[in-house]
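# A closer look at the structure
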Amino acid sequence: MALVGIDAGTTACKVTAFSTEGRVLASARKEYRLHHPRDGWAELVPQEIWEAVVYGLRKVMEESEEPVQGMAVSSQGEGLVLLDERMEAAGHAIVSFDLRTLEQTRRLKEVFGNRYFFDKGGQLLSSMGTATKIMWCRENPGYFQRPPKYFMCVGDYILFRLTGEMVSDFSLASRTMMVDIKNRCWNQELLSYIGISESQLPALAQAGTYVGKLTKQAAEEIGGSPEILMAVGGHDQPCAMLGTGANGKGEATYSLGTTETLVCAMEDFREGLYDIGLPCYPHVLKGRYITLPGNFTGGNLLGWYGKNFGDKESFIAVNKNRDIYDILMEEMDEEISPVLVLPHFTVTGSPWNDSESSGIITGLQLSTTKGQYLRGLQEGVTMEILLNLLLLRQIGTWEKLLYVVGGGTKSRKLLQLKADVLGTRLYVPKISESPCRGAALLAGQGCGLFQHPENVWIQPVDETRIWNPRREMHEKYLEKFKKYERLYPAVKAIFSNNG
């Protein structure tokens, strides 16, 4: 029998089927378009997400040599899907880093204060949080095709389309900022302020909990059996951590995707994380917590470069059937770049959690080459991750081995750059479908096959897939990092309202 993990990201959905022993049986991927109706806004069409899910599931069902027994969903966090009173999409979904909710975020700060959201829900008040998006939607109902009545995250929407049930796990629901994680329920005080009720939100459940079988309509659409069992999945980052097998002490996951994120796990709630601008909320594994140091510009920065300056690379990619990002990475310089970049081209991520910062590129001269420019972009994103690692070490968390996942793992140059900047060993697992793998493990738990999903499908670390930092390069990067630390205060002084 097969277990299927569905990973719905910001720009694509990937579906992978695994045998009950963890072997990949089939995999499929389909992209969907990110819409930007106004500057700073980012939306997805729910039906396009669903069509990508259907495409992936149909393909996997056809190609898998074993029938599917269970499925679960791993998905992007904070994104908001709205349903009308008929339980149909009321309009476009709002993506996590959409910036339309700055005013709503300010109001929440005035009423509740920053600390409230961490103490109650383990989150940091941010315009990214789904709560602010719901506030905006309620204040602007005319923007949508039909008045929104029900609110859910992307993974919840996919689960709803498959089963007809509105259910969310604590890891994903926590990203809304509306969960009381200590009492494991929705935060009624905050819901009351926003003006919604618990009945308009999914029910809360532990990841890996059995939800139900496919609806007849869903089974027909995906070409599967209506007897397939669905379990609650979770937020893609902790799902990826489960999927990589990074469960040992001093191990964490480093995701190189549209955003760049570290996923660090702990056995209990760590109040000290608030002081360094980091969240602390439930893992998909019962009784554990995670924190997510990261940068939301991440791989978006290379995408921005390719779109605006990569005409030659785009031409080569189309004519030689290659990935433009692979070509750009080949052009990246080998030596430390004179270009210094503050990667705040979207909301910042940790530790600043600033929705109104600005990206900056410095050190450019007429002699600057394309390779130096490209390397400078990648160094900037990685230095933001280094900043977070150093802050974690100050409070006693030491990540000695990072399991690296995502599209960036295809580039040897990029992996060595990151090892050198971070001064930390990087390990690339053989199985790259980590979020799907984590979701499939949760599906196995929901089917009753695994009681402790973290203890199955374990693979020993392959030393040939480890990237070690070069000491001399790391020391040079630490010197460059001293300059990097001065960029954010300088940018705030220039671009702040009082500057």
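Look a little higher up for the structure.
First, a word on what this report is: a plain description of the structure on this page. Just so it is clear, the model here is predicted, and its values are computed rather than measured.

## So, the overall build of the protein
Helix and strand counts for the protein stand at 17 helices and 25 strands. Taken against the 2.2 N^0.38 rule, which gives 23 Å for 499 residues, the C-alpha radius of gyration of the protein at 22 Å falls within 12% of a compact globule. Structurally, the protein occupies a C-alpha span of about 65 × 55 × 45 Å along its principal axes. Within the span of the protein, comprising 499 residues, buried residues form 61% of the whole. Taking the contacts inside the protein whose residues are at least 6 apart along the sequence as the reference set, 73% of them involve residues at least 24 apart. Summed over all atoms, the accessible surface of the protein reaches about 20,200 Å², with 48% contributed by carbon and sulfur. Looking at charge distribution, the protein has the averaged site of its 53 positive side-chain charges lying 2 Å from that of its 59 negative ones.

## A word on unusual backbone geometry
The omega torsion across S350 and P351 is 0°, close enough to zero to call that bond cis. Checked against the element boundaries, P351 lands in the loop between β21 (340–342) and β22 (360–362). Of note, the phi angle at E78 is positive, near 70°, even though the residue is not glycine. Relative to the elements of secondary structure, E78 occurs in the loop between β5 (68–75) and β6 (81–83). Since its relative accessible area comes to 4%, E78 is described here as buried. Positioned with a positive phi, N353 is a non-glycine residue whose angle comes to about 50°. Within the element layout of this structure, N353 appears in the loop between β21 and β22. Look at N353 and you get partly exposed, because its relative accessible area is 29%.

## Topic: the pairing of strand β2 (residues 12–19)
Burial within β2 is extensive, with seven of its eight residues counted as buried. The pairing of strand β1 (residues 2–8) with β2 spans seven bridges and is classified as antiparallel. For L3, the partnering residue across the bridge sits in β2 and is F18. Where β1 folds back on β2, the antiparallel hairpin that results is connected by three residues. Pairing analysis gives seven bridges linking β2 to strand β3 (residues 24–31), with the strands arranged antiparallel.

## Quick notes on helix α10 (residues 300–309)
An α-helix turns once every 3.6 residues. As a result, residues three or four positions apart point the same way. For α10, every residue scored as buried is listed here: L301, L302, G303, Y305 and G306. On its buried face, α10 is in contact with α11 (311–320), α12 (324–331), β21 and α13 (370–394).

## What about the pattern of salt bridges?
Using the criterion set out here, one finds 35 salt bridges in the structure. Salt-bridge contacts for E267 lead to R288; the nearest nitrogen and oxygen are separated by 3.8 Å. Note that E267 is positioned in the loop between β17 (260–266) and β18 (281–282) and R288 in the loop between β18 and β19 (289–291), a separation of 21 residues in sequence. Notably, a salt bridge pairs D326 with K410, separated by 3.7 Å at the nearest N-O pair. Within this pair, whereas D326 is found in helix α12, its partner K410 is found in the loop between β23 (401–405) and α14 (412–422), the two being separated by 84 residues in sequence. Bridged by salt links that share partners, the residues D84, R86, E88 and R146 form one connected network.

## A closer look at the packing of aromatic side chains
Applying the stated criterion across every chain, the model contains 21 aromatic pairs. Centre to centre, the rings of Y143 and F144 are 5.3 Å apart; their planes meet at 90°, and the pair counts as edge-to-face. The class of F144 is buried, set by a relative accessible area of 8%. Put simply, the rings of W304, Y305, F309, F345 and Y373 touch in pairs and so form one group of aromatic residues. In this structure, K30 packs its charged tip against the face of Y55, placed 5.4 Å from the ring centre. For the cation-ring pair, R184 lies above F170, with the distance from its terminal atom to the ring centre recorded as 4.8 Å.

## Section: α14
In terms of residue burial, α14 counts as a mostly covered element, since nine of its 11 residues are buried. Positive phi shows up at G423, right after α14, with a value of about 65°.

## With respect to empty space enclosed by the protein
All told, the structure shown has three cavities of 30 Å³ or more when counted by the stated rule. When its volume is computed, the largest cavity comes out at roughly 60 Å³. V73, G155, D156, L159, V167, S168, D169, L172, V232, G233 and G234 together form the lining of the largest cavity. Taken as a whole, the second largest cavity spans an internal volume of roughly 50 Å³. Taken together, L80, T130, I134, F151, M152, C153, D156, T176, M178, W186, L201 and P202 form the lining of the second largest cavity. Elements with a contribution of two residues or more to the lining of the second largest cavity: α4 (130–139) and β8 (150–152).

## What to know about the layout of surface pockets
Estimated volume of the second largest pocket: approximately 510 Å³. Lining the second largest pocket are 19 residues, and of these K109, N114, L125, N353 and D354 lie nearest its centre. Mapped by element, the contributors of at least two residues to the lining of the second largest pocket are α2 (102–112) and α17 (487–495). With four residues, α2 is the largest single contributor of residues to the lining of the second largest pocket. Its residues assigned to classes, the lining of the second largest pocket comprises seven nonpolar, seven polar and five charged.

Cut-offs applied
- Starting from 1, residues in each chain are numbered consecutively following that chain's sequence as written.
- Predicted model: local features are reported for residues with pLDDT of at least 70 only, side-chain atom pairs are reported and counted for 80 or more only, and whole-chain, interface and lining totals are derived from all residues.
- Side-chain calculation: all heavy atoms of the structure are included, whereas hydrogens and water are not.
- Where helices and strands are cited, they refer to DSSP runs of H or I of at least four residues and of E of at least two residues respectively, numbered from the N terminus.
- Atoms counted for the radius of gyration: C-alpha only. Globule rule: 2.2 Å times residue count to the power 0.38.
- Partly exposed residues are those whose accessible area sits between 20% and 50% of the maximum for their type, while under 20% is buried and over 50% is exposed, using a 1.4 Å probe and protein chains only.
- Residue contacts are defined here by distance: any two heavy atoms, one from each residue, within 4.5 Å place the two residues in contact.
- Only the protein chains shown count as cover for residues, with accessible areas throughout obtained via the Shrake-Rupley method and a probe of 1.4 Å.
- Charged-residue counts in this description rest on Lys and Arg as positive and Asp and Glu as negative, His and the chain ends being excluded.
- Each charge is placed at NZ for Lys, CZ for Arg, CG for Asp and CD for Glu.
- The criterion for strand pairing is that DSSP finds at least two bridges linking the strands in question.
- By convention in these notes, a salt bridge is any Lys or Arg side-chain nitrogen within 4 Å of a carboxyl oxygen on Asp or Glu.
- To pair, rings of Phe, Tyr and Trp, with the six-membered ring standing in for Trp, must have centres within 6.5 Å; the planes then decide the type, stacked if under 30 degrees apart, edge-to-face if over 60, and tilted in the middle.
- Here, over-ring charges are defined by two tests on the NZ atom of lysine or the CZ atom of arginine: distance to the ring centre within 6 Å, and angle to the ring normal within 35 degrees.
- Cavities and pockets were defined on a 1 Å grid built over protein atoms only: a cavity is a set of grid points that admits a 1.4 Å probe from which the probe cannot escape, a pocket is an open set flanked by protein on both sides within 12 Å along at least five of seven lines, and lining residues are those with an atom within 4 Å of any such point.
- Grid points are joined across faces, edges and corners, and a volume is the space filled by probe spheres set on the points.
- Lys, Arg, Asp and Glu make up the charged group, whereas Ala, Val, Leu, Ile, Met, Phe, Trp, Tyr, Cys and Pro make up the nonpolar group; the residues left over, Gly among them, are polar.

What is shown is where atoms sit, not what they do.
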